[in-house]
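Analysis of the macromolecular model
Listed here are the chains, written in short residue letters.
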Amino acid sequence: MPVVSESPAVPSPASDQAHALRHDWSRAEVCALLELPLPELLHRAGSVHRRHFDPAEVQVSTLLSVKTGGCPEDCGYCPQAARYHTGVEASKLMDTEAVLAKARQARDAGASRFCMGAAWRSPKDRDIPKVAAMIAGVKALGLETCATLGMLSGGQARALRDAGLDYYNHNLDTAPEFYDQVIHTREFQDRLDTLGHVRDVGMKTCCGGIVGMGESRGQRAGLLQALANLPAHPDSVPINRLVKVEGTPLADDAALVELDPFEFVRTVAVARLLMPQSMVRLSAGRESMSDELQALCFVAGANSIFYGEKLLTTGNPDTARDLALFARLGLRPMPLATVPATVHAGIVESPVGAEPSAAAPSRAA
Ligand code: SAM
Ligand code: DTB
Ligand code: SF4
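Because the structure is predicted, anything quoted here is derived from the model rather than measured. (Residues numbered from 1 in each chain as written. Chains lettered and ligands numbered in written order. Predicted model: local features only at pLDDT ≥ 70, side-chain atom pairs only at ≥ 80, totals over all residues. Heavy atoms only, no water.)

What about the overall build of the protein?
- A tally of helices and strands in the protein yields 11 helices and 10 strands.
- In the protein, which comprises 365 residues, the proportion classed as buried is 57%.
- For the protein, the proportion of contacts with a sequence separation of at least 24, taken over those separated by at least 6, is 77%.
- If you sum the accessible surface of the protein, you get close to 14,300 Å²; carbon and sulfur atoms cover 56% of it. (Helix = DSSP H or I, 4+ residues; strand = E, 2+ residues; numbered from the N terminus. Buried < 20%, exposed > 50% of the residue type's maximum accessible area, 1.4 Å probe, protein only. Contact = heavy atoms within 4.5 Å. Areas by Shrake-Rupley, 256 points an atom, 1.4 Å probe, with all protein chains shown as cover.)

Considering the pattern of salt bridges
- Taken as a whole, this structure holds 20 salt bridges when the rule is applied.
- A salt bridge links Glu 29 to Arg 22; the shortest N-O distance between them is 2.8 Å.
- Judged by its relative accessible area of 18%, Glu 29 falls in the buried class. (Salt bridge = Lys/Arg side-chain N within 4 Å of Asp/Glu carboxyl O.)

Side note on the pairing of strand 1 (residues 57–67)
- With respect to burial, strand 1 is a largely interior element, 11 of its 11 residues being buried.
- Where strand 1 lies against strand 10 (residues 332–333), two bridges are found, and the strand directions are parallel. In the strand pairing of strand 10, Glu 57 is matched with Arg 332.
- Sheet topology note: the strand 1/strand 9 (residues 304–306) ladder contains three bridges and is parallel. (Pairing = 2+ DSSP bridges.)

Some thoughts on the site of ligand 1
- Among the 17 residues in the neighbourhood of ligand 1, the closest are listed as Tyr 77, Thr 148, Asn 171, Asp 173 and Val 243.
- One nitrogen or oxygen atom from the side chain of Asn 171 is found 2.9 Å from an oxygen atom belonging to ligand 1.
- Here Asp 173 contributes a side-chain N or O atom positioned 2.6 Å from an oxygen atom of ligand 1.
- Calculation on ligand 1 without its partners gives an accessible area of 550 Å², and the protein chains cover 91% of this total.
- Considered class by class, the residues forming the shell around ligand 1 number nine nonpolar, five polar and three charged. (Near = heavy atom within 4 Å. Polar contact = N/O pair within 3.5 Å; in protein donor to acceptor, adjacent residues only side chain to side chain. Nonpolar A, V, L, I, M, F, W, Y, C, P; charged D, E, K, R; others polar.)

Structure representation (structure tokens):
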């Protein structure tokens, strides 16, 4: 008897199929998926991954911190918060030409998307024309553009879209009920509001969170549930593993228990199951992961990475290591032409039995 399908709380593989993308996941359902025997969870996530993507293709993004440090917020994980003594020096917004030189390097190294990050609570209106010039310049290089600048007003979102911004990254970071233990200077609802402004002007959303901050498995389910139940699934879902930077409250918390690496894999797999058409990105924390752990994440349905020696202020695997890993695993960068159109709530999954070939993902670009 197939023990794993017995519980009514565990959505069965059959119910994954032939249905519109769901936005009504209950906490119990998400918890039940997280608790599946790992081989069963990986099998389900891998099957869903294949239905929508070529599992050998990995989308490659490069990050650049265009405005580093000195941030007024108190996010307990972040080395860029001015109030923590982390050794990160505050700097001004970079010149456009310097940003474009980095973008050109990233493109030449094989990245298809360039993400510009700023350590702001929210941009000032006077910053927008400068960021818009960067976006227009990066776009002109043939790269997809992404920015993460903090909270946005509707007008700011429109201005960034008009400059050519494809994606806006704004994370929920953690479950609503754990949020207050990590961040006090802005509300969970503020994040939902910014994501709403981004969607309303037609930009794609990049939205995920961080695991390994001391949350419970139920709270990891809460993050995944909140992401999947957004009005539209985020187009990209970065799953970050906490990078502990000395001086931040989370790194300095001696009671914080290290996350079991398999819990990270489970989180990736359930993100893939809940948001089958989204890019699930293996984000911060890769530098300290073994090749084997990263491979398991790709098996679990991750299909995007940050590529390049640096994230914003912390390290990332060097490009030679990533290229060697891709070669060992038989993976290749996803060509821009394959990057899917935005994930809308109404897109219907492939019917049962209609398995697209590995080389022909079901989502039209
Ligand atoms: N200031 C903007 C904001 O908070 O929206 C944009 C930059 S902020 C650094 C972007 C995201 O980076 C955060 O939401 C968080 O998910 C991630 N992040 C920051 N520090 C991290 C760390 N130490 N480990 C893992 N992820 C981190
Ligand atoms: C995301 O989810 N992770 C990236 C990107 N979006 C902006 C940032 C990770 C930052 C890790 C800590 C640092 O390098 O400062
Ligand atoms: Fe500032 Fe963003 Fe870091 Fe929070 S995560 S302290 S808002 S840079």
